[in-house]
Amino acid sequence: MRLYQKDNRASHWVNRMLAAALMNLIMLISVPMLMPADGWCDSPISDASQECLACHVTATPTIVEDWKKSRHAATTPSQGMSKQALESRVSATKVPEDLLNVVVGCAECHTLNTSQHKDVFVHNEKKTHLTVTPRDCSTCHPTEAEQYEKNLMAFAHTNLAGNKLYGQLMTAINGTVRFDGQKTSITPPNEKTESESCFSCHGTKLEIKGLKKRDTDYGEMEFVEMSGYPNQGVGRINPDGSRGSCSSCHSRHQFSIKLARQPYTCSQCHKGPDVPAYKIYSVSKHGNIFSSMSKEWNLDTVPWTAGKDFTSPTCATCHVSLVVDSEGKVISKRTHQMSDRLPWRLLGLIYAHAHPKSPDTSIIQGKDGLPLPTTLDGKPLSEFLISSDEQKTRKIAMQGICRTCHSEGWVNGHWERLENTIKTSNEMTLTSTEMLSKAWKEKLANPDNIFDEGIEKQWIEQWLFFANSTRLASAMMGTDYGVFDNGRWAMTKNIQDMLDRINFLRSVQKKEK
């Protein structure tokens, strides 16, 4: 039933009163169904969240049902903080008194820190914000939020948008190409295209456009409008100034650790030919065990016991999770920095190199004028990268996880092969770079934009697709991806194709003279 009549000012106020009465009636009917009596929750829900639920149980019932399955809906912060250190999922030692003894409901997240949010609007007479950010989540999870801020993922938007060279690459990928009968031209992508392509994973910048009124079943209501929305990218720039979105991995509104520990979650952004981690994991021995046996695993428990709760690593095992052995000894501490077990940066850049010191790689500037951590001929910019000692520390941390199941000889042999693959794949990329440089020198291609011509696109594929696949296949034991499926075969063939193109361009150039 539509209570609000748009063109009748008098009936508007009457209908607003009727709508308010209806909302109160819904609350009286609905709230008892949401209370502990139905067995899903033994902890109190705040009055503010009960007021939200009273309407949203009918307005967005799926969201409410999803939240009801969450640990947030059944546990108060005080209960979470009472756990032993290794069992705790809450890193805070103190939370605001009004949040301490109620479950984490709608109001506890969407009305928190309103003074810091630019996306605040008045909803049902309460200041509310649409986005829930890592800064909001840090009320109960400060350690995790602090660690994440040191993570490359947190700066994924900044590192892409703040790098002019990457901007050229995004235009070459996402722009609209037109043909005039002789040559092509490209128009840069608009905000909507970028938001659903590169920035879908890297994160958009959420900027407030204003408030907009909508006609709803409860009358006319005002909501905030933002550019860059919707988005759950890992490096999203939020209206409170924070970076990232916890729901990238802990999808709302269950925010499940079980979901975050499964490789399907990572595959959202790590599946394409540029970052084929999920595909490689799927065909690896580890992925085979996960696919065959994970129904018998306990993916929700904390701490996570190797051999008992799971029998093969997932992405989270190696990069994030708190893992213990059967005697409770810590194998790896929980971290949301993700890179602190990674000595090498294997993908996304022209050459594999030591990990950057700062998660903000937009600060990198080489002597050749390129905003890259290596020169085009592969020399690392050491002042921006972690030291060999730090690489060794991170390598030891990752190898500690490997040794949970594997012998010393197995682990050492695996890492020797990986480091050899890093060396040889970088050499293959260098060969393609030397060929491209020769094409530029002979004026067979124009270096003003290094991503837009045919031979330049072949060069991009050499490192962005083929070298990445080869290295990740070595790191994750996904053999065929390192050989025939975008691996060594593709690198070798691509070099020959580049040479054939150079020779063809030379013949055309000779005829034109």
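Please read these numbers as outputs of a predicted model, since none were measured by experiment.

1. Thoughts on the sheet that holds strand β9 (residues 330-332)
Here is step 1 of the chain: The sheet built from three strands is open, its strands ordered β7-β8-β9 with mixed pairing. The sheet terminates laterally at β7 (304-305) and β9, the two strands that pair on one side only.

2. Observations concerning the pairing of strand β3 (residues 176-179)
Consecutive side chains along a regular strand alternate between the two faces of the sheet.
Here is step 1 of the chain: By the bridge criterion, four bridges tie β3 to strand β4 (residues 184-187) in an arrangement that is antiparallel. Across the sheet, phenylalanine 179 pairs through a bridge with threonine 184, a residue of β4.
Here is step 2 of the chain: Hairpin connection between β3 and β4: a loop of four residues separates the two successive antiparallel strands, and glycine 181 in this loop has a positive phi of roughly 100°.

3. Some points on the state of the cysteines
Here is step 1 of the chain: A complete count under the given rule lists one disulfide for this structure.
Here is step 2 of the chain: Across the disulfide, cysteine 201 is cross-linked to cysteine 269 (sulfur-sulfur distance 2.2 Å). Judged by the sign of its S-S torsion, about -100°, the cystine formed by cysteine 201 and cysteine 269 is left-handed. In this pair, cysteine 201 sits in helix α12 (residues 198-202) while cysteine 269 sits in the loop between α14 (263-266) and α15 (277-283), placing the two residues 68 residues apart along the sequence.
Here is step 3 of the chain: Judged by its relative accessible area of 22%, cysteine 201 is partly exposed.
Here is step 4 of the chain: According to the relative accessible area criterion, cysteine 269 is partly exposed, its value standing at 30%.
Here is step 5 of the chain: The cysteine cysteine 52 is free of any disulfide, with cysteine 106 supplying the nearest cysteine sulfur at 4.6 Å.
Here is step 6 of the chain: Classification of cysteine 52 by relative accessible area gives partly exposed; the value is 23%.

Calculation criteria
- Residues numbered from 1 in each chain as written.
- Predicted model: local features only at pLDDT ≥ 70, side-chain atom pairs only at ≥ 80, totals over all residues.
- Heavy atoms only, no water.
- Pairing = 2+ DSSP bridges.
- Helix = DSSP H or I, 4+ residues; strand = E, 2+ residues; numbered from the N terminus.
- Disulfide = S-S within 2.5 Å.
- Buried < 20%, exposed > 50% of the residue type's maximum accessible area, 1.4 Å probe, protein only.

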